Amino acid sequence: MPAITGNGNQTKDDVPTAFTTSNDVDGNQGRGGGVLAAVKSKFLPIPMNIVYNIPEIELLGIKISVNNRTVSIVTVYVPPNLPDVIYTQLFECLEQNIDFSNPVILAGDLNIPDLVEVMTSSKSTQLLNIYRHFSTLNNLTQHNNILNHNGKILDVLLTTDHFNIDICKHSVPLVPEDPHHPCLEMIISCVNEQCNTRFPRNSESLKFNFRRANFMELYLTLSLIDWSRILEITDVDSACKETYIIIYDLLHKYVPLQRTTTKRKNYPMWFTKSVIDVVNLKNKHWKCYKKTKFLYHLDKFKELRRLAKTEIRKEYLNFVSHSETIMKDDPKKFWSFVNMKKKRSSVPGHMIHEGKTLTSPEDIVNAFAQQFETVFVCDSANHVCDITCDIGFGVCDYCDKLCCPSLVNEYSCLHSTVLNNFCIHPDQILKAAKKLKNNCVAGPDDVPAFIIKDSISCLLVPLCHIFNLILETGSYPTIWKSSRLCPVHKSGDRNKIDNYRPIALLCNFAKLFESVLSDIMYSHVRNGIIVEQHGFLKGKFTTTNLYEFTHFVSQALDKRSQVDVVYTDLSKAFDKVNHCILLRKLDAFGISGNLIKVIKSMLLDRQQYVEYSGYKSKLFSVHSGVAQGSNLGPLLFIMFLNDKETFIAMYVYWVLRTHAEVKKQ
């Protein structure tokens, strides 16, 4: 069995304290014969009083103190070929005597020959189901994957998620090795408690609770609004402001506000209300039994525990089956399930940025904002030059600095026709509204998409007026230029700011306008987009790209030709689009007049901030790129990269220029 001992020179505190137990009532001296745990005295080991009445097994528990934290270590030996009921009794005993919400290490020989099948296949037996249910219900992870000479795993190292484990086969055993049980060397370290702390919620932040909204009265009142006052306004920002005032008045009237300090759910996603009620009642009887020692409460506890296990297993299977069914249509729920199984908060309450440790929520969100701001090209030369339909291809100073001499010439005009002045009709808004997702996600204006989608017929009058006012004036509403960023872990250490990427949330009214505009622009430019482009286009995706590539390679192989392939990855591609070059390319596509003014206004003076759990960072300016999460952004991006020869030449030029600058330094 595992022994935690010291090496080298031993001080008084290093002298091991040994704990043993044996249920060998017949005095036989065969294999087995008890379990042993040897612990250094400096860890202040204390034996645990585990009450059990299972003569077939050996069970020993101790508590040690590590970095002012109490860790429970349990060793167990189960002889081979025992009936399943013994395992049920063992796991029930462990659940009654051990608090698995605290750090627990469970090591020993369970003698379950098919234990290796738990992770490698879906093999199902009564014994494996008992083991799976015990480990899943108590959030235990099996770390031992060392096979014995029969290709089996009999020994387990189960821990809660408070530890980092490194386990391997020991090359120099202290005693002759049993081929059924390879000698294991384990390095077990406690995870920094700060790293596992949850990001706190802001108790002062208030949000609309749409779960308790009176939607019938909300939509009825909205349908009776007189929008004539909005129609008289000729300034875009003023029209938007008045519209929001009316909407916010209705939301405050029919949608209650609640603080973000709502209690976090402590139950898995598949727990229904009936299951939670049974679990709570079971815990209540267990507390009563520990307090009063009445057998009535113990019997009720056992009865409810059996019922809870049955119901949990049934609901879990139903949930998995449902998740498999909707995985293709709603992958978000699948990944929510995966993250929940990992027991990880999206953002821990302890973060590291530029070598500094951050624990304050305000400092963390500001550090995220500082990190996300660095991806943009913040250069005074990156300001948008004054392009209008009159000026055409005027070359700004920034373009002179960017392009090599062969690229300073004007872009060839891709369209003989131009797209400048047009009107948006209510039918186009209704069509775009159908594309909005039915969720509660809202941008900086806190108006969710489903509210707009459900009440679009009531909002057609003001929206149609505002959309056409934007096109007439060439001015984009200031409130729609803000984006709320949510940090999402990308890879690596979750406690480092650098390992997160931003997800931008835009105002849903802005997304609706961009959706209408995107459809109009796409119908105008689709014939001018190069055939090699497969991204963000209707009817084209990764599979069509792969088909054309394999077809090209196959033809080359038939001709015995050579094919050279170069793969590139554009880092932060959407964020580093140069506004000046983008507008010049739009002009080449025939986008002119007030429409190009609208896009220019849309790109200029954008601001973003990071918000998480009710905490907001400082605003920062966006000097480059197209808005992530927008409906128009992908179309603008592929138009930016459309002239492939120019793009490749600019890429090579930039590589050579960067190399030359580095060489100078």
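These figures come from a predicted structure and were not determined experimentally. (Residues numbered from 1 in each chain as written. Predicted model: local features only at pLDDT ≥ 70, side-chain atom pairs only at ≥ 80, totals over all residues. Heavy atoms only, no water.)

Caption draft 1: Region of interest: helix α1 (residues 84–97). In a regular helix each residue adds 1.5 Å, so 14 residues correspond to 20 Å; α1 covers 20 Å between its end C-alpha atoms and thus fits that length. Of all the residues in α1, the buried ones are Ile86, Tyr87, Leu90, Phe91, Glu92, Cys93, Leu94 and Glu95. (Helix = DSSP H or I, 4+ residues; strand = E, 2+ residues; numbered from the N terminus. Expected span 1.5 Å × (residues − 1). Buried < 20%, exposed > 50% of the residue type's maximum accessible area, 1.4 Å probe, protein only.)

Caption draft 2: Region of the structure containing the sheet that holds strand β8 (residues 155–159). Ordered in space as β3-β4-β5-β6-β8-β7, the six strands form an open sheet in which the pairing is mixed. Sheet topology places β3 (46–47) and β7 (141–142) at the edges, where each strand pairs with a single neighbour. Where strand β5 (residues 69–77) lies against strand β6 (residues 104–109), six bridges are found, and the strand directions are parallel. Opposite valine 76, over in β6, you have glycine 108 as the bridge partner. (Pairing = 2+ DSSP bridges.)

Caption draft 3: Spatial organisation of the packing of aromatic side chains. Following the criterion strictly, the structure yields 19 aromatic pairs and no others. Ring centres of tyrosine 244 and phenylalanine 509 lie 5.7 Å apart, and the angle between their planes is 75°; this geometry places the pair in the edge-to-face category. Taken together, the residues tyrosine 244 in helix α6 (residues 236–254) and phenylalanine 509 in helix α15 (residues 508–525) connect sequence positions 265 residues apart. The two residues tyrosine 244 and phenylalanine 509 agree in class, both being buried. Put simply, the rings of Phe208, Phe210, Phe215, Tyr219 and Phe450 touch in pairs and so form one group of aromatic residues. For the cation-ring pair, lysine 293 lies above tyrosine 289, with the distance from its terminal atom to the ring centre recorded as 5.3 Å. Over the ring of phenylalanine 640 we find lysine 585, and its NZ or CZ is 4.7 Å from the ring centre. (Phe/Tyr/Trp six-rings, centres within 6.5 Å; stacked < 30°, edge-to-face > 60°. Lys NZ or Arg CZ within 6 Å of the ring centre and 35° of its normal.)

Caption draft 4: Just the packing of helix α14 (residues 456–473) against helix α18 (residues 593–603), in detail. Running from N to C, α14 and α18 cross one another at 105°; their axes reach a closest spacing of 7 Å. When the axes of α14 and α18 are compared, the pair comes out roughly perpendicular. Contacts between α14 and α18 involve Ile470, Leu471 and Glu472 from the first element and Asn594, Leu595 and Val598 from the second. Looking at the contact of α14 with α18, its residues break down into four nonpolar, one polar and one charged. (Axes fitted to C-alpha atoms, helices over the stretch in contact; angles between N-to-C directions. Parallel < 35°, antiparallel > 145°, perpendicular 65-115°, else oblique. Contact = heavy atoms within 4.5 Å. Nonpolar A, V, L, I, M, F, W, Y, C, P; charged D, E, K, R; others polar.)

Caption draft 5: The nonpolar core, seen in detail. Trp480, Leu512, Phe513, Met521 and Ile591 are the most contacted members of the largest nonpolar core, which totals 80 residues. Residue contributions to this core peak at 11 residues, all from α14. Look past the residues within four positions of leucine 512 in its chain and what remains in contact with it is Ile429, Ala432, Ala433, Leu436, Ile452, Ile456, Leu463 and Phe467. Among the nonpolar cores identified, the runner-up in size contains 31 residues, and Ile57, Val74, Leu106 and Leu110 belong to it. (Core = buried A, V, L, I, M, F, W, Y, C linked by side-chain atoms within 4.5 Å.)

Caption draft 6: Structural view of the environment of phenylalanine 210. Within the element layout of this structure, phenylalanine 210 appears in the loop between β11 (206–208) and α4 (215–223). We classify phenylalanine 210 as buried; its relative accessible area is 12%. C-alpha of phenylalanine 210 to C-alpha of proline 448: the two residues are 238 residues apart in sequence and 9.3 Å apart in space. What phenylalanine 210 contacts, discounting residues up to four positions off in sequence, is Phe215, Leu251, Val255, Asp446, Pro448, Phe450 and Ile451.

Caption draft 7: Focus on unusual backbone geometry. Positioned with a positive phi, leucine 44 is a non-glycine residue whose angle comes to about 50°. Relative to the elements of secondary structure, leucine 44 occurs in the loop between β2 (35–40) and β3. Of note, asparagine 81 is a non-glycine position whose phi angle comes to about 60°, a positive value. You can see asparagine 81 is positioned in the loop between β5 and α1.

Caption draft 8: Representation of the state of the cysteines in the model. If you walk through the whole model with that rule in mind, you get zero disulfides. For the unlinked cysteine cysteine 168, the closest cysteine sulfur is that of cysteine 183, found at 9.6 Å. (Disulfide = S-S within 2.5 Å.)

Caption draft 9: Geometry of the environment of valine 51. Here valine 51 is to be found in the loop between β3 and β4 (58–66). A C-alpha to C-alpha distance of 7.3 Å links valine 51 and asparagine 97, two positions 46 residues apart in sequence. The contacts of valine 51, once residues within four sequence positions are left out, are Cys93 and Asn97.

Caption draft 10: Region of interest: the side chain of histidine 285. Examined against the element boundaries, histidine 285 turns out to sit in helix α7 (residues 273–292). Apart from residues lying up to four places away in sequence, histidine 285 is in contact with Tyr296, His297, Lys300, Phe301 and Leu304.

Caption draft 11: The packing of α6 against α14, seen in detail. Closest axis-to-axis distance for the α6/α14 pair is 9 Å, and the angle between their directions is 160°. Relative to α14, α6 is oriented roughly antiparallel. Helix-helix and strand crossings are classified by hand; for α6 and α14 the assignment is left-handed. From α6, Val236, Ala239, Cys240, Thr243 and Ile247 reach across to α14, where they touch Leu459, Pro462, Ile466, Leu469, Ile470 and Thr473. Counted by class, the contact of α6 with α14 contains nine nonpolar, two polar and no charged residues. (Left-handed = near helix turned anticlockwise from the far one by under 90°.)

Caption draft 12: Structural detail: a nonpolar patch on the surface. A contiguous nonpolar surface patch, about 440 Å² in accessible area, is contributed by Leu546, Phe549, Val565 and Tyr567. Relative to the elements of secondary structure, leucine 546 occurs in helix α16 (residues 542–558). (Patch = residues over 30% accessible without salt bridge, like charges linked within 9 Å, V, L, I, M, F, W, Y side chains within 5 Å. Areas by Shrake-Rupley, 256 points an atom, 1.4 Å probe, with all protein chains shown as cover. Salt bridge = Lys/Arg side-chain N within 4 Å of Asp/Glu carboxyl O.)

Caption draft 13: Inspection of the pairing of β6 at higher detail. Burial analysis of β6 places six of its six residues in the buried class, the great majority of the element. This β-α-β element, β5 to α1 to β6, shows right-handed connectivity. The sheet contact formed by β6 and β8 spans five bridges and is antiparallel. Across the sheet, the residue bridging to glycine 108 is valine 156, located in β8. (Right-handed = clockwise from strand over helix to strand, strands pointing away.)

Caption draft 14: The arrangement of α14 in detail. The end-to-end C-alpha distance of α14, which contains 18 residues, comes to 24 Å, matching closely the 26 Å that a straight helix rising 1.5 Å per residue would cover. A maximum bend of about 40° is found in α14 at proline 462. Backbone geometry just after α14 places glycine 474 at a positive phi near 70°. (Bend = angle between axes of the 7 residues up to and from the residue.)

Caption draft 15: How the structure looks around the confidence of the model for the chain. Mean pLDDT over the chain works out to 80, with 81% of the residues at or above the 70 mark. Contacts for the low-pLDDT stretch residues 379–413, under 50 throughout, to residues beyond four places or in other chains number 66 contacts. (pLDDT = per-residue confidence, 0-100.)

Caption draft 16: Fine view of the pattern of salt bridges. Under the definition given, this model contains 11 salt bridges. As a salt-bridge pair, arginine 305 and glutamate 92 come within 3.1 Å of each other at their nearest N and O atoms. Pair noted here: arginine 305 is in helix α8 (residues 295–326) and glutamate 92 is in helix α1, with a separation of 213 residues, a long-range link. For the residue pair arginine 305 and glutamate 92, the accessibility class agrees, reading buried in each case. Note that aspartate 277 and lysine 273 form a salt bridge whose closest N and O atoms lie 3.2 Å from each other. Of the two residues, aspartate 277 and lysine 273 are both situated in helix α7; the distance of four residues between them amounts to about one turn of the helix.

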